[in-house]
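For reference, the chains in residue letters:
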Amino acid sequence: QVQLVESGGGLVQAGGSLRLSCAASGRTFSSYSMGWFRQGPGKEREFVAAINRRGGSTNYADSVKGRFNISRDNAKNTVYLQMNSLKPEDTAVYYCAASRYGGVSSITQNDYNYWGQGTQVTVSS
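Keep in mind it's a predicted model, so treat the numbers as computed, not measured. (Residues numbered from 1 in each chain as written. Predicted model: local features only at pLDDT ≥ 70, side-chain atom pairs only at ≥ 80, totals over all residues. Heavy atoms only, no water.)

As a further point, take the side chain of Arg67. With respect to the secondary-structure elements, Arg67 resides in the loop between strand 6 (58-60) and strand 7 (68-73). For Arg67, a relative accessible area of 11% corresponds to the buried category. Excluding its chain neighbours within four sequence positions, the residues that come into contact with Arg67 are Gln82, Met83, Asn84, Ser85, Leu86, Lys87 and Asp90. (Helix = DSSP H or I, 4+ residues; strand = E, 2+ residues; numbered from the N terminus. Buried < 20%, exposed > 50% of the residue type's maximum accessible area, 1.4 Å probe, protein only. Contact = heavy atoms within 4.5 Å.)

Given below as structure tokens:
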């Protein structure tokens, strides 16, 4: 069992930056690949980024590539999402998720076993 708690969301102007954190409970954090998803107003939840268990491999949605960076610190049981050059269309609730058997190619919700409660990111124009 893994419990995930996101933090770091908020209101930011277009072009600004935010760093989201996701703290995981338990001693098996390094056994999970981690991902970030988001759900904008009236939209389906979509894949944003993923990172493998050791943090050496990452994958990004085309819409955030070059602007967002996913990283993890297994000693702190935490995964991060650094978001730069934010756009109004990045406005969404951001969720972190843990995948026991998947990897960086895991881009669908069904690949993930545990989810956080989400943190709101609002980008004003």
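Resuming the write-up.
Moving on to the packing of aromatic side chains. Counting across every chain of the model gives five aromatic pairs. On the numbers, 5.2 Å between centres and 80 degrees between planes, the contact of Phe37 with Tyr112 is edge-to-face. Note that Phe37 is positioned in strand 4 (residues 33-39) and Tyr112 in the loop between strand 9 (92-99) and strand 10 (114-115), a separation of 75 residues in sequence. A relative accessible area of 6% places Tyr112 in the buried class. Here a set of aromatic residues connected by ring pairs shows up, and it is made of Phe37, Phe47, Tyr112 and Trp115. Above the face of the Tyr95 ring, Arg45 is positioned so that its terminal group lies 3.7 Å from the ring centre. Against the face of Phe29 rests Arg72, its NZ or CZ located 4.4 Å from the ring centre. (Phe/Tyr/Trp six-rings, centres within 6.5 Å; stacked < 30°, edge-to-face > 60°. Lys NZ or Arg CZ within 6 Å of the ring centre and 35° of its normal.)

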